[in-house]
Amino acid sequence: MRQEMLIPKIGVVTDIRIDTPDVKTFRVVGLDGKKVFEHMPGQCAMLSIPGVGEGMFSITSSPTNTEYMEFSIKKCGCLTSWLHSMEVGQQVTIRGPYGKNFPVETELKGKDLLFIAGGIGLAPLRSVINYCRDKKENYGSLHIIYGSRSMDDLVDYKEILDEWMKDEDVRVDLTIDRPQEGWDGHVGFIPSFVEELKPDLNRTVLICGPPIMIKFTLDGLKKLGFQETQVYTTMELRMKCGIGKCGRCNIGDKYVCKDGPVFRFDELSELPNEY
């Protein structure tokens, strides 16, 4: 563990974007106006408000962005409520990066990729998607399947429409759970939508979302012919201290913070059933 990863640095919030009624994206730089530290897609950082608490969050901006880092945060507790009440110019402490990243420079290189996300689960995958788009000469085509409860709950919707859908190497399929006025796209849950689309079996899959969505989507992928060795996920929500000391993310012989949070599904199959 590098010592500098344990020492909090002061970050300044320079922009706050409202993505959905309960998700905001915070842009953070250091006191010098520069990026606080370098990271790779899938890694996390510990954000803290002294006297309130700290929490582990995915870095949702791509490492290819050299000016700042972004965090898309869902309001769901004390710390996140405080973060959502912040204004531009306020400070937080930040330390990291933590965790094992998606293998963008090894196993994923040269591959056609399939991203499957549900709700806020798009946030950790956004870093990978934009990394691959910025380095498109190293990757094949990208297929993104993304769904949420409603049109209003689609995270990064403007970026999806204005950038991803206009990229000739990217295909985007969107769905929402129930019919909604003003929505003329697909309606239905992600697992059945994936089976309906029948994605290319040669793609490597990155999936993130609610556990129940991941479970049924993985079952559907297997029915289509995908192997567990083709599928990756991230489990950063189980990370607490980030350095393997508190033991709260330990299961079997794994620590999510040290051995993950990115895992291939054949690795997860080896863990006890309660995981």
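Scoring rules and cut-offs
Residues numbered from 1 in each chain as written. Predicted model: local features only at pLDDT ≥ 70, side-chain atom pairs only at ≥ 80, totals over all residues. Heavy atoms only, no water. Axes fitted to C-alpha atoms, helices over the stretch in contact; angles between N-to-C directions. Helix = DSSP H or I, 4+ residues; strand = E, 2+ residues; numbered from the N terminus. Parallel < 35°, antiparallel > 145°, perpendicular 65-115°, else oblique. Left-handed = near helix turned anticlockwise from the far one by under 90°. Contact = heavy atoms within 4.5 Å. Nonpolar A, V, L, I, M, F, W, Y, C, P; charged D, E, K, R; others polar. Salt bridge = Lys/Arg side-chain N within 4 Å of Asp/Glu carboxyl O. 1 Å grid on protein atoms, 1.4 Å probe; cavity = no way out; pocket = protein on both sides within 12 Å on 5 of 7 lines; lining within 4 Å. Points joined across faces, edges and corners; volume = space filled by probe spheres on them. Core = buried A, V, L, I, M, F, W, Y, C linked by side-chain atoms within 4.5 Å. Buried < 20%, exposed > 50% of the residue type's maximum accessible area, 1.4 Å probe, protein only. Phe/Tyr/Trp six-rings, centres within 6.5 Å; stacked < 30°, edge-to-face > 60°. Lys NZ or Arg CZ within 6 Å of the ring centre and 35° of its normal. Pairing = 2+ DSSP bridges.

A. Just the packing of helix α4 (residues 190-197) against helix α5 (residues 211-224), in detail. Where α4 contacts α5, the axes come no closer than 8 Å and their chain directions differ by 20°. With respect to their mutual orientation, α4 and α5 come out roughly parallel. Helix-helix and strand crossings are classified by hand; for α4 and α5 the assignment is right-handed. Across the interface between the two elements, I190, P191, V194 and E195 from α4 touch M213, F216, T217, G220, L221, K223 and L224 from α5. Of the residues that constitute the contact of α4 with α5, the class distribution is seven nonpolar, two polar and two charged.

B. Representation of the pattern of salt bridges. This model, assessed by the stated rule, comprises 21 salt bridges. Overlapping salt bridges, with partners in common, bring together R17, D19, R27, E70, R126, D156 and E159 in one network.

C. Representation of the layout of surface pockets within the structure. Here the second largest pocket defines a volume of roughly 350 Å³. As for the second largest pocket, its lining consists of 21 residues, and the residues nearest its centre are R17, E70, R126, E159 and E163. Counting only elements with at least two residues in the lining of the second largest pocket, the list comes to β1 (9-20), α2 (122-134) and α3 (157-162). Ranked by residue count, the leading element in the lining of the second largest pocket is α3, at four residues. Of the residues in the lining of the second largest pocket, the class split is four nonpolar, six polar and eleven charged.

D. Summary view of the nonpolar core. Of all hydrophobic cores here, the largest spans 30 residues; its most connected members are F102, F115, Y146 and L206. Of all the secondary-structure elements, those providing two or more residues to this core are β7 (113-118), α2, β8 (142-148), β9 (170-176) and β11 (204-208). If one sorts the elements of this core by residue count, α2 sits on top with six residues.

E. The packing of aromatic side chains, seen in detail. Throughout the structure, instances matching the rule amount to zero aromatic pairs. Over the ring of Y68 we find R27, and its NZ or CZ is 4.0 Å from the ring centre. Positioned above the aromatic ring of F216, the side-chain terminus of K215 is 5.8 Å from the ring centre.

F. Region of the structure containing the sheet that holds strand β5 (residues 69-74). What the six strands build is an open sheet, ordered β4-β3-β6-β1-β2-β5; its pairing is antiparallel. Of all the strands in the sheet, the pair left with one neighbour each is β4 (53-58) and β5. Recorded for the sheet is a direction-independent mean angle of 40° between the axes of neighbouring strands. In terms of strand pairing, β1 meets strand β6 (residues 91-98) through four bridges, oriented antiparallel.

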